[in-house]
Amino acid sequence: MKFTNQLTVGVALSLLASAAFAYDADWKRGRVYYRSVCTSCHAVQPVGTINPSSKTKAEWAAYLKGDKHAKGKDTVKQYVSKAYRASIKSGNKAAEKFAAVPDQELLDDIAAFLTKGAKDGDAPASCN
Amino acid sequence: MPTFMRTTLALCCAGWLAATGPVLADDAKPELKPVKLTTTADHTKFKELQQVFNSGPEVTKACLRCHTEAAGQIHRTKHWKWEYLNPQTGQTLGKKTVVNNFCISVASNEAACNSCHVGYGWKDASFDFKSEENVDCLACHDTTGNYKKPSGLAGNVVTKDMEFPPGSGKILKAIDLSKIAQKVGKSSRDTCGACHFNGGGGDGVKHGDLDSSMSAPEKEVDVHMDATGLDFTCATCHKTSSHDVAGSRYTPTAKDSKGAHLRGKADNGNPATCVACHDNAPHKKEARLNQHAAKIACQTCHIPSFARGGIATKMTWDWSTAGQRDAEGKHITKKDAKGRIIYESRKGDFTLGENVKPEYVWFNGQVTYTLITDKIEKTGQRTPINKIGGSPSDGKSMIWPMKVFRGSQPYDPVNKTLVTPHTAGNDDTGYWKNLDWDKAIAVGMNTSGHPFSGKIDFIKTEMSWPINHMVAPKEKALGCVECHSKDGRLAGIPGIYIPVRDNNKLLDTVGWAIVFLTLLGVFGHATLRIVTARRH
Amino acid sequence: MSERIYVFKLFERFWHWSQAGLIMFLMLTAFDIHGTYTIFGFEKAVAYHTIAAWSLIGLWVFAIFWHFTTGEWKQYIPTTEKVMAMANYYLFGIFRNAPHPFKLTQLRKHNPLQRLAYLAIMVCVGPLIWVTGVLYLFYDNWAAWGLTALQLEWVATGHIIGAFMMLAFLIAHVYLTTAGHTPMAHIKAMITGWEEVD
């Protein structure tokens, strides 16, 4: 009985700890960044806009993990970095608003939005 | 046994240490523990929500265990009752009762329409409005964006993949209620929008100033909701108290002369008006514009057009052309060049519009509906679904922008009333399945409990929607010349003198005649002088 | 043969020409606002018209002060003396090369018709334009001023009547400047201050 109690406490503590300190991705912030930074640039580039629903969850996960932008010419992370946001913030309100967000958090937000909006996601999404 | 326990405990502790390791290391810095700042309660931590939910009401029961008064509060609202007694006109309104010229009416179509009810299971008149567990908390409090109430299920949710309609081969995917329940939060543009963006049966169809472009809009679309700017949610203006959302289309505030709201002021009115924040004299540089604001609603100049977010709104709907079939007897769908549907056998012809200039009328906030019990006459004029009250001289009216939605819909030419057809439904009498007005109207009128002669004709109607949202940045507000010109936006507005629009023709004629005669005299005189000077 | 009289002092000339410029600019913007043509467009024309109007009001404050301190206001006291003679001259004499019936002096620099015309402009057309114009500008203060019964339409109509009368005056005035003893005599006088008289 005593051990069981200790066990419960242990489990509860570890649950609490992981819940409190794991970053809780904000898909809505990811949505704004994806549309206002990624899409606004893609719309005028030869690639055109890329709907989240054009890839599956697995494909998006692989894309983000591979971290290859423009067929490997540069990285995806670079376009989510604070440095990049600082470089475009004078002309991009989303970059300005999220200027201070840690890179990994913003990347997680975008990943959450893409996972949600993927072809097989919970709510397939277009760019607009 | 104790060994196993100890090992487990050790493992848990190790996990805990691993998880907290970085935090403990951070303890060196005088930083505060990271917390969620948007709420005081992290619902993932609540045991009541750490379970599998097989239906919506199960979630609600869990919510009510702590939020004991919430359902009772919801029970008092329009969102729940779909019934509203207009104190000005004495009319009983609400979605349950009114007839419009979109999908016409709810009665007999509950299973479809009531996917937008804040409840579970309203499939017919037997619905229990006293039920607490049938209140739908998640419709407004979901933050995941994954909560869905498919049409046809009477507001219920899908917790196991199912084929719907049965035999259609279409699969409705299950949603994870547990995850959604653990992530509840404040209402958002997405939650309100799930219904209000889709009024009339699709994105942007009904309102024109509300569509999915406003879920994360740019500044150009809505200066207040601008996702990278002010980022208002709906509730920022529609300030909600005891679950009762402020602002109403049944009794709108057409003229708010009470000034900006002060906290605690006893007579604070509707918090959703422009004035509630901006006060009655908001123009700092051009005081002249404040005078304009005495007769012109803010919306008139500051919402230059609606449906600006790239999503078209329906402007007309002609039910009288519904029912056509192709050579094989199948339903037809026609699309325009942009791929938007402009004809469906089950609905008739539509026209759509983007960046639509509103129509303008004097409006005093009084809206009188043509109800199913009201007698109507087929005349040369359109029957108003909702008559907009107002006049230039009643002291209560302002010039308002409206989306005027025009249509032709079935009515009973013998009883001289509108009718409530049974449209949606996977049954033999649903018009959308069988395209048979006789059956559809007979069943629908029987359900709504009103007499039907059996004769059917179509009557032209119009419905006015005051435009409130999609407020443009101030640089995009209407310029003077939009109204101060012949045939400007306010060309048809009576009872007010608008310089340029109302230039007096007689005065202009006489004025120019005097100028012309003066010139003639001058030239005549000069000519004579020249001629006579030569002679001398 | 001819003598030169210093009729228009420096301030008077400055007043005249800046007023002329402002009035013509006001005319230009007025009919732009009125919708007769579009040069600046309603919004800008209103802004310019307002600035020009305030400038002219400022100029008038100085001019009125000047007229009273110098006693020049007496130049506008109406007289019936030689009015018929002047009318007769403009209608007939001028074509027969008859002598100008009015001998101008420093103390009587306007002929009787001029006196009457300028006075009419100053007591009828001017006030009409100014009163209606200022009311127009302060439309939003009417209620505070207790002018609840006032209609914008009356004010607008009065202002427009004034504008047409001023335009007609402007045309006649410009033409009659050529009716001196030489066509350019009056104009030169208004530039240099000196008028040659017979």
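Participant: So what exactly am I meant to see when it comes to the overall build of chain A here?
Facilitator: Counting secondary structure elements, chain A contains six helices and zero strands. Starting at the N terminus and ending at the C terminus, chain A contains elements arranged as α-α-α-α-α-α. Here chain A holds 128 residues, and the buried ones make up 28% of them. Of all intrachain contacts in chain A linking residues separated by at least 6 positions in sequence, the fraction that spans at least 24 positions is 67%.

Participant: Even after reading the chapter, I still don't get the environment of B:Met162, so can you show me in this structure?
Facilitator: Residues and elements named next belong to chain B. With respect to the secondary-structure elements, Met162 resides in strand S3 (residues 162-163). Overall, Met162 belongs to the partly exposed group, with 14 C-beta atoms counted inside 10 Å. As for Met162 and Leu172, which are separated by ten residues in sequence, their C-alpha atoms are 5.3 Å apart.

Participant: Explanation requested: the confidence of the model for chain A in the structure shown.
Facilitator: In low-pLDDT segments, the atomic positions of the prediction should not be examined closely. In this model, chain A carries a mean pLDDT of 83, and residues with pLDDT of at least 70 account for 81%. Across residues 9-20 of chain A, confidence stays below pLDDT 50; counting only partners more than four residues off in sequence or on other chains, it has 15 contacts.

Participant: What's the story with helix H8 (residues 189-196) of chain B in this structure? I'm lost.
Facilitator: A turn of α-helix holds 3.6 residues, and therefore any two residues three or four places apart point the same way. All buried positions along H8(B) are accounted for by B:Arg189, B:Asp190, B:Thr191, B:Cys192 and B:Ala194. Lining the buried residues of H8(B) we find helix H6 (138-141) and helix H9 (234-237) of chain B.

Participant: Help me understand the interface of chain C and chain B, please; the structure alone is not making it clear to me.
Facilitator: When the parts come together, some accessible area is lost, and that loss is often what is quoted as the size of the interface. Contacts between the two partners involve 24 residues from chain C, matched on the other side by 27 residues from chain B. Ranked by residue count, the leading element in the side of chain C that touches chain B is helix H6 (residues 152-176) of chain C, at twelve residues.

Participant: Could you clarify how one ought to interpret unusual backbone geometry in this entry?
Facilitator: Residues and elements named next belong to chain B. Omega for the bond connecting Phe164 with Pro165 falls within 30 degrees of zero, at -10 degrees, which places this linkage in the cis form. Relative to the helices and strands, Pro165 resides in the loop between S3 and strand S4 (171-172). Within the chain, Leu435 stands out as a residue other than glycine whose phi angle is a positive 55 degrees. Within the fold, Leu435 resides in the loop between helix H13 (431-434) and helix H14 (437-448). A count of 17 C-beta atoms within 10 Å places Leu435 in the partly exposed class. Look at Asp487: it is not a glycine, yet its phi comes out positive at around 55 degrees. By the secondary structure assignment, Asp487 is in the loop between strand S17 (457-466) and helix H15 (505-535).

Here is what the cut-offs are and how they apply
- Every chain's residues receive numbers from 1 upward, in the order its sequence appears when written.
- To label them, take the chains in the order written and letter them from A, then take the ligands in the order written and number them from 1.
- It should be noted that, the model being predicted, local features are given only for residues of pLDDT at least 70 and side-chain atom pairs only at 80 or more, the latter also being counted only at that level, while totals for whole chains, interfaces and linings use all residues.
- Only DSSP runs of H or I reaching four residues or more are called helices, and only runs of E reaching two or more are called strands; each is numbered from the N terminus.
- Burial in this document is a count-based property: other C-beta atoms within 10 Å of a residue's C-beta are tallied, and the residue is buried at 20 or more, exposed at 12 or fewer, or partly exposed in between, with C-beta positions derived from the backbone.
- Once C-beta atoms have been placed from the backbone, residue pairs whose C-beta atoms lie within 7 Å are recorded as contacts.
- Confidence scores per residue from the predictor, reported as pLDDT, run from 0 to 100.

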